[in-house]
Each structure stands twice: as C-alpha cells, then as structure tokens.
Amino acid sequence: MSSLLNPVDVLVTEKKHAKTVKVVLEQHNLLNKSFRLSQLDQDSFSDFVPVAVAVVGDVGIKESMLWELPSLYIAIPVHCQCIHQILMKKKKNVQEERRGQTFVSSLSVSASASASSSPSVGSSSLRSSSSSLESTIVPLILGCAKQKCSFSSSALGNAPGNRQVIASFSSSFETGKQDMNSKRCHIRDHQIVKHVLFQSLLQYQDNLLITDKERLWTLIETLPTDGTIPQRLEVMGDDRTLVIPNRALNTLVDECFRDFMEQIWKNPVPSDTIDDGGDWKRTLWKMLAEAFRSRRVVRRGAIHPDSKVRESGHVILWMDPEFERTWMSQYGELSVYARGWITITEQGIRQSFDLTKVMFSRGNVSEKIRFGKLVQEGDLVLDLYSGIGYYTLPALVHGKARHVYACEWNPHAISFLRYNLEQNGVSSRANVIEGDCRVRLREERLLDLDFDRVSLGLLPSSEGGWKVAIEALRKDPGGWLHIHGNVLVQERDIWAMWVCRRLSDIYHELYGRDSKDVWVLCNRIERVKSFAPKVDHLVADIFIGTQIPKGMSFETSGCKVGVVGKEGTFIQVHGEVQTPSCALGHGVLHQEWMM
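These figures come from a predicted structure and were not determined experimentally. (Residues numbered from 1 in each chain as written. Predicted model: local features only at pLDDT ≥ 70, side-chain atom pairs only at ≥ 80, totals over all residues. Heavy atoms only, no water.)

Visitor: Help me understand the overall build of the protein chain, please; the structure alone is not making it clear to me.
Guide: Along the backbone of the protein chain there are 19 helices and 20 strands. Counting the 595 residues in the protein chain, one finds 52% classified as buried. A separation threshold of at least 6 residues defines the contact pool for the protein chain, and within that pool the share at least 24 residues apart is 71%. (Helix = DSSP H or I, 4+ residues; strand = E, 2+ residues; numbered from the N terminus. Buried < 20%, exposed > 50% of the residue type's maximum accessible area, 1.4 Å probe, protein only. Contact = heavy atoms within 4.5 Å.)

Laid out in structure tokens, this is it:
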C-alpha cells in the first residue's frame, strides 16, 4: 500500500503545542484536512528541516534528537504553501540576525501563553496571515518534514456511530486487513478514488501539463461525484474483484473526465483499456485494486436488451498476473474462462462463472433466500431460466427439493451451471435442459411430470414462458408459479391483477371447460430491488389449482381469480383489466424473442 499512502508535508511540534498549532493552521486554511495528526513515524519520516532554534535554546534541532523521545512530538499535515511560507520566514530571520537584529525578541510569545490563549482569526490570504503566524505558531514549530499519515475522518466519511470503524480502517490501511465492504463501515469511496487518481498521476509527471501538486489536487476535487468519480465502488465475489461503474474515470464515454485529462495530460490522452491507456492507466487500476484489497479490476458493462443470452458487458481492466496463473492451473477445461472466473458465495452456496460472459445481480440475494425457504422438501421444481443456477441452487441446497429441472440456452451459462451443481454436491438431483425451454420441454416429454412449482426468473419479462409453465404445473390440487418482472412503481397493483387475468385466460385456452373450477390466486407481491428509476423488480407468487392451499383464507363471492390481500381481503379480477406498460408488445417491451 506504500504506493497509495505517499509521504505528505508536515510541521513538527511538541505534543503539548499541537492543538494550538492546528487551530491556527486551520484558521488560515493551511491545515491539510485529508490526513490525521500523527506521532513521528521513523519508518516514513524524512526530509527534516529545522526551523525554530529559539524554542530549545542555543542548540540546533537535529532529526536524531527527535528519536530520543518520539512520543513527545507530533507531525501535523499541512499544504505545501505552508511549508514554503515557514521556510521563507526562516530565511528572512537568518538574514535579519546577520544584520544584528534579534530574531527571538521579535517573536517573544511564550509557548504557555500561546497554549492558553485563543489565536485571533486571520485572513486566508498568505500575506495577511504572515504576522499572525509569526506571533502564534512559528516559535512552536521545530521543523518541516515529510511523513506518511492516515486519512482523516473528513476524507473517509466518518458517519455518526462509525468513529471506531474508521479508526480501525485508518490504522490498518497499509496492511489491508480492514474489510472495506463491511456494512458498518460507511467509507466514502469517492474520496479514496480521488486520492488514488492523484497519487497515480504524480508517478507520471513527465506526461503532465500541470505539475503543481496543489493545482492538480484542486482540479481533481472539482470532478463531480455523480458519475465521473463514483460515490461507491462494488467489491464483488470471494476474491474481492473491484467493479468500476461504466462512466467512472472513462475518457471514452464521460465528457467531464475527458476534458480533465485533456487539461492536464500531454497528447495523446490515455483511453480506457490497458492496451490503449498505457502505463498510467495500468498503474491507476493497480493502485485502486490495492486500496480495496482486490486482485482484479473490471468495468461494469450493460446488457443489451435484445441479447437472448443476457451476456455480460463487463470488461477486465487489470488483473494480478499471479492470480490469473492460479486459475489457469486449477480449472482444467474451464481455464478458457480464467481471466473472468469468479466465485460468489451466498448463504453457503458457491456460484462460479466468467463475469465477462454472463450477468450476475447481487441485488437478487434476498429473493434467492426467500425462494429457498418457499421450496418444500420433496418438491419437484422446474426452473425455466436457470442461468448459472441463481434459483436452482437455493431450491436444491436450502429447499431440499426432490429434483430440479433447470432450463438454459446460453452455452456459457450451461457450463457454469453444471460446474456449480457439482461443486455444491447436488448434481444427482438436477437435470439440465439445454435450449429453448418452450421447445425442449415438449421434445423431452417433461410437461407431464406434475411440477409443484415453477420459477420464471427472466427480466425484464417472463411472459413468453407462462403458457409452458402452466402446462408443466400439477393440476390437482395445484402448484405455484413465481413470476418475475420489471414493473413501473405506480403499476404494481395493475400488474398483479393483469398477470392473474392473463394466466386465467391461458389456462382456459389450454383446458377449456376444465378451467372453470380452477383458482388463480396471487398470494404475494415481493419487491426484490429497484431496477431503474421508478421501475422495480417484482416477483408474484401465484397459485393455480383446484384446491385453495392450506393456510390461505379469504372471502369471495364466487370469483376464483384475484389478488389475496392482507387480513383476508380479496381483490377479484373479472372481465377486462388494464394492461400495464411492461406487457410484451403493448408498452415499452418489444423483444420478440421473449414472446
């Protein structure tokens, strides 16, 4: 971590004077608030220049003297202009002494008087602050130096109640022992990213148009934190892969960051990838990985709405070479996926895949847990859109399903699904059906197996699979459909009623007269996560069968299609209902492959 925590400019004073010096520096905008005050650290302390000989009598201060009792001295982080002002003042005083003037008497303010009195507030201007500094803190400063200091609370974002966590993080920043992904640790990731960006640029000063550190830092501080600099970074997987948002630090898509780089960097401006970005981009990604204890950095990609296989758009930006070699040697025939291979463990279930080939949403974890609890021991389960086993694995591992038939048509996902079934020890209770589930289930004659429940976990809509799901479901006493969809927030109730109406119509089309005694009941609408502004990922638990499930009670006037509400209320669905905008072919979704 030494590449991240470079030494900063500090003033050295005795511990008893540290508070006085800090207050005055802060009033004059000379205190570097990004770092903490620290005791002298012999491992990182360097470039000591003595300043105020008068403080300790006639004997000049030497660096070796400070190590006799280092606990008595404090290093106070300051901006570089403060060091410049102090050293210029020293030079002026030396010249005055040579002319016979008395330096000590001109600054005759005792340390005890300074400590007990409140310094007057001065101007932020360096010139106007000169006399105030002379009369207060200059006599208390032993010297200037450089030393590594921990980030301050203001830099890291010390949320209320988290002081102890932040202190722990600061003290262990170099060793990387602190879990930065802890729910208790509200670290402001954008501050860390800015510091890493700053330090990485300083390593390539020959390529910079702006070499003044203060000016460079000021420009970085002005970068917006709503995209150019990410507010938060996702640390993904058991190996702590760092995920960079698509727009962040990206000259290809973010105009603000491109303008910043054109202002500070000699042509040509580095692009996003390692090949085109040169050594600086490689250094930037590596330093970010070190800051978050990661061994790989990827940029988040978007899933094209017309992609039938839901292929991930993630791009690998940097990877520890040793990390890659480990995967190459460990996974045999899957070594082709080595650079993108990742394992994410949730609730004891290991999910492994190539993050550049298939999508993965951490926001679905609550629904995976819920589905594992809904599945009953001995259930026969059909997963129409299994992917790498998102809901198949919880049904087998936690739900103790008797058997799961998992359908998938992405060849990459199929490889990962088979691997995950093996590594979780449940492959003997699962069959993988390759291809379009609407076709393959009929070809394999699996629609007569009487499934207890069917998972339809396809987004933005699983409407294209509703017919085959009903055909696969146990008719008597019935079974459950778990239907996923992206729904406008204001259309939640409309969507639930419309789904019930559509399922009832499909059942009637399939079975005609036999459908009159069948219940279609939406028992629960679960919000999984926010998918987009004003759009939620919802799951509707819908029972279809001839007998009402045990534990479900409500009053009805004869209608058997509707939404079961709280406290036994029943919203009947009969006749025509309003069609929500998420209905395939009717509103915003027009993907023919989903129909």
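Once the structure has been displayed, the description carries forward.
Visitor: Just checking my understanding: could you explain the packing of helix α9 (residues 189-202) against helix α10 (residues 213-221) for this structure?
Guide: Contact geometry for α9 and α10: axes closest at 10 Å, N-to-C directions at 145 degrees. Where α9 crosses over α10, the handedness of that crossing is right-handed. When α9 is examined against α10, the residues Q191, K194, H195, L197, F198, L201 and L202 are found in contact with a partner set consisting of K213, L216, W217, I220 and E221. Broken down by class, the residue content of the contact of α9 with α10 amounts to 7 nonpolar, 2 polar and 3 charged. (Axes fitted to C-alpha atoms, helices over the stretch in contact; angles between N-to-C directions. Left-handed = near helix turned anticlockwise from the far one by under 90°. Nonpolar A, V, L, I, M, F, W, Y, C, P; charged D, E, K, R; others polar.)

Visitor: Quick question: what am I supposed to make of α9 here?
Guide: Owing to its 3.6 residues per turn, the α-helix aligns residues three or four sequence positions apart on the same side. With 14 residues, α9 should cover 20 Å at 1.5 Å per step; its first-to-last C-alpha distance of 20 Å lies within 8% of that length. Among the 14 residues of α9, 14 are classified as buried, and the element is accordingly described as predominantly covered. (Expected span 1.5 Å × (residues − 1).)

Visitor: Where do I start with the sheet that holds strand β20 (residues 570-572) in this structure?
Guide: Within a sheet, each strand pairs with its neighbour through backbone hydrogen bonds, oriented either parallel or antiparallel. Judged by pairing direction, the sheet is mixed, and its 9 strands sit side by side in the order β14-β13-β12-β15-β16-β18-β17-β19-β20 without closing on themselves. Sheet topology places β14 (430-434) and β20 at the edges, where each strand pairs with a single neighbour. Sheet twist, expressed as the mean angle between neighbouring strand axes with direction ignored, is 25 degrees. The pairing of strand β17 (residues 519-532) with strand β19 (residues 561-564) spans 3 bridges and is classified as parallel. Paired with V520 across the strands is V561, a residue of β19. Contacts between helix α14 (residues 365-374) and the sheet are confined to β12 (380-383), β15 (453-456), β16 (479-488), β17 and β18 (535-545), with β17 contributing the most and set at about 155 degrees to the helix. Against the sheet, helix α16 (residues 411-423) engages β13 (403-408) and β14, with an angle of about 175 degrees to β14. (Pairing = 2+ DSSP bridges.)

Visitor: Teacher, can you tell me more about the packing of aromatic side chains here?
Guide: The relative placement of two aromatic rings is captured by the distance of their centres and the angle of their planes. In total, this model carries 15 aromatic pairs according to the counting rule given. With a centroid separation of 5.7 Å and 85 degrees between ring planes, the pair formed by Y405 and F451 is classed as edge-to-face. Note that Y405 is positioned in strand β13 and F451 in the loop between α17 (437-443) and β15, a separation of 46 residues in sequence. Among the residues examined, Y405 registers a relative accessible area of 14% and is labelled buried. Seen from their ring centres, F554 and F570 are 4.6 Å apart, and the 20 degrees between their planes marks the pair as stacked. On the criterion of sequence distance, the pair formed by F554 in the loop between β18 and β19 and F570 in strand β20 is long-range, its members being 16 residues apart. By the burial criterion, F554 is buried, and F570 matches it. (Phe/Tyr/Trp six-rings, centres within 6.5 Å; stacked < 30°, edge-to-face > 60°.)

Visitor: Looking at this structure, how should I read the sheet that holds strand β5 (residues 141-147)?
Guide: Sheet architecture is open: 5 strands sit in the order β2-β4-β1-β5-β3, paired in antiparallel fashion. Whereas interior strands pair on both sides, the edge strands pair on one side only; in this sheet they are β2 (38-39) and β3 (46-50). Where β3 and β5 come together, 3 bridges link them in antiparallel fashion. Paired with S46 across the bridge in β5 is K146. Each of β1 (8-14) and β4 (73-77) touches helix α1 (residues 18-27); the most contacted strand, β4, lies at about 10 degrees to it.

Visitor: Would you mind showing me how to read the nonpolar core here?
Guide: Looking at soluble globular proteins, one finds that nonpolar side chains tend to be buried together. The biggest cluster of nonpolar side chains holds 46 residues, and the ones touching the most others in it are L384, L481, W495, L503, I542 and I544. Sequence-distant contacts of L481, that is, excluding residues within four places in its chain, are made with V454, L456, A469, I470, L473, L503, A540, D541, I542 and I544. (Core = buried A, V, L, I, M, F, W, Y, C linked by side-chain atoms within 4.5 Å.)

Visitor: Just to check I follow, could you spell out the environment of L441 for this structure?
Guide: Among the secondary structure elements, L441 is positioned in helix α17. Distance from L441 to A472, taken between C-alpha atoms, is 8.8 Å for residues 31 residues apart in sequence. The contact partners of L441, leaving out residues within four places of it in the chain, are L382, L384, C407, L446, L447 and V468.

Visitor: Would you mind going over α1 with me for this structure?
Guide: Along α1, the residues classified as buried are A18, T20, V21, V24 and L25. With its buried residues spanning 165 degrees around the axis, α1 presents them on a single face. (Arc of directions from axis to C-beta.)

Visitor: When you look at the packing of α10 against helix α11 (residues 255-264) in this model, what are you seeing that I'm missing?
Guide: Helix packing geometry: the angle between the two helix axes and the distance between the axes. Their axes nearest at 11 Å, the elements α10 and α11 cross at an angle of 170 degrees. Put simply, α10 runs roughly antiparallel to α11. Contacts from L216, L219 and I220 in α10 reach F260, Q263 and I264 in α11. Among the residues making up the contact of α10 with α11, the classes are represented as 5 nonpolar, 1 polar and no charged. (Parallel < 35°, antiparallel > 145°, perpendicular 65-115°, else oblique.)

Visitor: What should I look at first to understand the pattern of salt bridges in this one?
Guide: Pairs may arise between side chains of opposite charge once their charged atoms sit close together. As enumerated under the stated definition, the model contains 24 salt bridges in all. Across the salt bridge formed by E234 and R362, the nearest N and O atoms sit 3.6 Å from each other. One end of the pair, E234, is in strand β6 (residues 234-236); the other, R362, is in the loop between β11 (349-354) and α14, and 128 residues separate them in sequence. Residues D541 and R370 are paired through a salt bridge, measuring 2.7 Å at the closest nitrogen-oxygen approach. Placement of D541 in strand β18 and of R370 in helix α14 is noted, with a sequence separation of 171 residues between them. Accessibility assignment for this pair places D541 and R370 in one class, buried. Linked through salt bridges whose partners overlap, the residues forming this network are E234, R300 and R362. (Salt bridge = Lys/Arg side-chain N within 4 Å of Asp/Glu carboxyl O.)

Visitor: Sorry if this is basic, but what is going on with unusual backbone geometry here?
Guide: Residue L459 is joined to P460 through a cis peptide bond whose omega torsion reads 10 degrees. Topologically, P460 is positioned in the loop between β15 and α18 (466-472). In this structure, the amide linkage connecting D476 to the following residue, P477, adopts the cis form with an omega of 10 degrees. When you line up the elements, P477 lands in the loop between α18 and β16.

Interpretation note: all reported values are geometric properties and have no functional meaning in isolation.
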